[in-house]
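Coordinate inspection notes
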Amino acid sequence: MFNNELIKKFKDTPTPFYFYDLDQLEQTILRLKSLVFHNNYQIHYALKANVNEPILQMIRKHGFGADCVSGNEILQAIRLGFDPQKIVFAGVGKSDEEICLALDHNIGVFNCESLQEVRIINEIALERDKVANIAIRINPNVEAKTHHYITTGMQTNKFGFSQEELDELISSIFDFKAIEITGLHFHIGSQITDIDVFRNLCLRVNEIQDWFNSKGFIFDHINLGGGLGIDYQNPDKNPIPDFEKLIQTIEQNLKVRSGQEVHLEPGRSIVGQCGNLITKVLYIKNGGPKKFAVVDAGFTELIRPALYQAYHKIQNITSDQEPMIYDIVGPLCESTDSFGSGVELCETNRGDLIAIRSAGAYGEVMSSYYNLRKKVKSYYSSDFTEQGFSDYLGTQLEDVSMEINMHL
Ligand SMILES: *Cc1c(COP(=O)(O)O)cnc(C)c1O
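Residues numbered from 1 in each chain as written. Predicted model: local features only at pLDDT ≥ 70, side-chain atom pairs only at ≥ 80, totals over all residues. Heavy atoms only, no water.

Remarks on the packing of helix 4 (residues 71-79) against helix 5 (residues 96-104)
Look at helix 4 against helix 5: their axes get within 9 Å of each other, and the N-to-C directions meet at 25 degrees. Comparing their axes, helix 5 and helix 4 come out roughly parallel. In this structure, helix 4 crosses over helix 5, and the sense of that crossing is left-handed. Each of Gly-71, Ile-74 and Leu-75 in helix 4 lies in contact with helix 5, whose residues at this interface are Glu-98, Leu-101 and Ala-102. For the contact of helix 4 with helix 5, the residue count by class is four nonpolar, one polar and one charged. (Axes fitted to C-alpha atoms, helices over the stretch in contact; angles between N-to-C directions. Helix = DSSP H or I, 4+ residues; strand = E, 2+ residues; numbered from the N terminus. Parallel < 35°, antiparallel > 145°, perpendicular 65-115°, else oblique. Left-handed = near helix turned anticlockwise from the far one by under 90°. Contact = heavy atoms within 4.5 Å. Nonpolar A, V, L, I, M, F, W, Y, C, P; charged D, E, K, R; others polar.)

As structure tokens, this is what we get:
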């Protein structure tokens, strides 16, 4: 992944920073695209995984739509030229302002999570003389077999319609004059590596769709959400997730009605492997039996290990000495500020560069200014010039909120 020329450039670059391999990203997009090209699929990339401009540009260039979970994500997608009809708006807590904004931009679909939300969208759409297409998010009660913090499809989760609310929606649907139910939406969790989970989801969706059909509801599309996992252990061996198996599983198990579209919302599986956090070793210190490598990145740059006990492969890219065992820790005043414990690294010294791999998804987007840290910078393989989110954050987010205000 990192050749000598690149490492030389890294050495001249202030750390920490994100490095994104755009070729890797494009290969990943092309693989998925090749599998769904001839079929009735629409891919909506889940922006929340990574919103950097060059990344979004490439995803849009290949014709994917956008799955947004906030008004600002919708504006970002529109600003970068995503087709509004290919934008879906998801989330349990859409504010009135965000609903207005989505309606004004004529987005494709609202993925709705509760009866009250549908009522509010209906009211706002009526006032604006619009009709809102909605997909109903159903909690299919399928176990995602992933970390319990990131499962979403069980009955105990906060997501999706409950059965009671669903019955009420169905019995009163004709009261909702500005609502068109066009789809069913499911998303059962993230970092799912057991493909049987998607098989079980498809089988549940078949039952649920049959039930709706028996009540006289038919749908333009079935949205199976995102959630496909990536290989955090072996990013070099498996740089592209197993899209083949996912699509094959859907084709073999989901009963798609004639003319119906299948929508997918991959986030992590598109951008996860193309991003790396590059950080420099500040100090090596001994803590009793342990050896700590203190690096200049912390959970302010990448919070997944601290937040989800997530594993990232960690490499010393400037040492070829004999391997030793280290705890890799950040500079923040929190014990959870650690990227890994008992990590085997080539013998590590002050000034060495460490790559934290597979950090393209839910990495930079979750960065924070805790401890008054600087916004982490990002660089891209294409030209290795500074661009994108780091610079755009300060100015653009202000623009974005101004734009939102203009809509009120
Ligand atoms: C987060 C999310 C996604 C993307 O999930 P990944 O695991 O990154 O693929 C898709 N749809 C919804 C509704 C989400 O909340």
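What to know about the domain arrangement of the protein chain
Taken domain by domain, the protein chain holds domain 1 (4-16 + 273-394) and domain 2 (23-266). Domain 1 and domain 2 are separated by 32 Å when their C-alpha centres are compared. Facing 24 residues of domain 1, the contacting portion of domain 2 comprises 24 residues. In this assembly, domain 1 packs against domain 2 so that about 2,100 Å² is buried in total across both faces, 55% of it on carbon and sulfur atoms. Between the two partners, domain 1 and domain 2, sit one salt bridge. Residue Arg-357 is joined to Asp-236 by a salt bridge in which the shortest nitrogen-to-oxygen separation is 3.0 Å. Where domain 1 touches domain 2, the interface holds eight residue pairs in polar contact (both at pLDDT 80 or more). Every element with two or more residues in the side of domain 1 that touches domain 2 is listed here: helix 11 (304-308), strand 16 (377-380) and helix 12 (389-406). It is helix 11 that contributes the most residues to the side of domain 1 that touches domain 2, three residues altogether. (Domains from an automatic or database assignment. Buried area = accessible area lost by both parts, 1.4 Å probe. Salt bridge = Lys/Arg side-chain N within 4 Å of Asp/Glu carboxyl O. Polar contact = N/O pair within 3.5 Å; in protein donor to acceptor, adjacent residues only side chain to side chain.)

Observations concerning helix 5
Looking at helix 5, one finds that the buried residues are Glu-98, Ile-99, Cys-100, Leu-101, Ala-102 and Leu-103. Following helix 5 by one or two positions, Asn-106 has its phi on the positive side, about 50 degrees. (Buried < 20%, exposed > 50% of the residue type's maximum accessible area, 1.4 Å probe, protein only.)

Focus: the site of the ligand
The immediate surroundings of the ligand are formed by 13 residues, with Lys-48, Ser-190, Glu-265, Arg-268 and Tyr-362 found nearest. Contacts to the ligand include His-187, whose side-chain N or O atom sits 3.4 Å from a nitrogen atom. One of the side-chain nitrogen or oxygen atoms of Tyr-362 is found 2.5 Å away from an oxygen atom of the ligand. Bound to the protein, the ligand loses 93% of the 390 Å² it would expose on its own. Among the residues making up the shell around the ligand, the classes are represented as three nonpolar, six polar and four charged. (Near = heavy atom within 4 Å. Areas by Shrake-Rupley, 256 points an atom, 1.4 Å probe, with all protein chains shown as cover.)

Some remarks on the pattern of salt bridges
All told, the structure shown has 13 salt bridges when counted by the stated rule. A salt bridge links Arg-128 to Asp-104; the shortest N-O distance between them is 2.7 Å. Highlighted residues: Arg-128 in the loop between helix 6 (115-127) and strand 6 (132-137) and Asp-104 in helix 5, separated in sequence by 24 residues. In this structure Arg-128 comes out as partly exposed when scored by relative accessible area, which is 28%. In this structure, Asp-210 and Arg-257 form a salt bridge, with 2.8 Å as the shortest nitrogen-oxygen distance. With Asp-210 in helix 8 (residues 195-214) and Arg-257 in the loop between helix 9 (243-253) and strand 9 (261-264), this pair connects stretches of sequence that are 47 residues apart. Owing to a relative accessible area of 38%, Asp-210 belongs among the partly exposed residues under this scheme.

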